[in-house]
Amino acid sequence: MHEWSRIVIEKYCRTHHTAKSKRLQHLMTGLRNRKAKLTYDDELYLEDLIDKERDHELKEALKDLGEYLFGL
């Protein structure tokens with residue numbers, strides 16, 4: 001995963017305190033710790049999030065995360 005993607009997602013999580021940011025933090029934990037249990041539901045959630053995201057920079061970062069974690 002590209003470093004800029006990680007930075008964009010972590011910045012979003014620091015500046016927003018929503019269910020979306022908490023779920024993204026969970027996915028980022030999966031990124032840092034490959035032993036973390038990421039599920040099929042996590043994959044579906046990320047796909048849905050990518051489809052609905054309006055912020056272009058965050059959308060590209062989420063795509064990068066999806067490719068790295070799930071091969072989306």
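Scroll up for the structure.
Residues numbered from 1 in each chain as written. Predicted model: local features only at pLDDT ≥ 70, side-chain atom pairs only at ≥ 80, totals over all residues. Heavy atoms only, no water.

What exactly am I supposed to notice about the nonpolar core here?
In globular proteins that are soluble, nonpolar side chains generally tend to be buried together. One finds I9, L24, L27, L46, L58, L62 and L65 to be the most contacted residues of the largest nonpolar core, which totals 16 residues. Of all the secondary structure elements, the ones that give two or more residues to this core are α1 (3-15), α2 (19-32), α3 (40-52) and α4 (56-70). The greatest single-element share of this core, amounting to 5 residues, is contributed by α4. Ignoring anything within four residues of it in the chain, the contact list for L58 reads V8, I9, Y12, K20 and E53. (Core = buried A, V, L, I, M, F, W, Y, C linked by side-chain atoms within 4.5 Å. Buried < 20%, exposed > 50% of the residue type's maximum accessible area, 1.4 Å probe, protein only. Helix = DSSP H or I, 4+ residues; strand = E, 2+ residues; numbered from the N terminus. Contact = heavy atoms within 4.5 Å.)

Please clarify how α3 should be interpreted in this entry.
Along an α-helix, residues three or four positions apart point the same way, because every turn accommodates 3.6 residues. With 13 residues, α3 extends 19 Å between its outermost C-alpha atoms, agreeing within 8% with the 18 Å of an ideal straight helix rising 1.5 Å per residue. All buried positions along α3 are accounted for by D42, E43, L46, L49 and I50. For α3, the angular spread of buried residues about the axis comes to 125°, placing them on one side. Across from the buried face of α3, at angles greater than 90 degrees, the exposed residues are Y40, D41, D51 and K52. In this structure, the buried residues of α3 make contact with α2 and α4. Its side-chain oxygen at 3.3 Å from the backbone nitrogen of D41, T39 defines the N-terminal cap of α3. (Expected span 1.5 Å × (residues − 1). Arc of directions from axis to C-beta. Polar contact = N/O pair within 3.5 Å; in protein donor to acceptor, adjacent residues only side chain to side chain.)

By themselves these figures say nothing about function.
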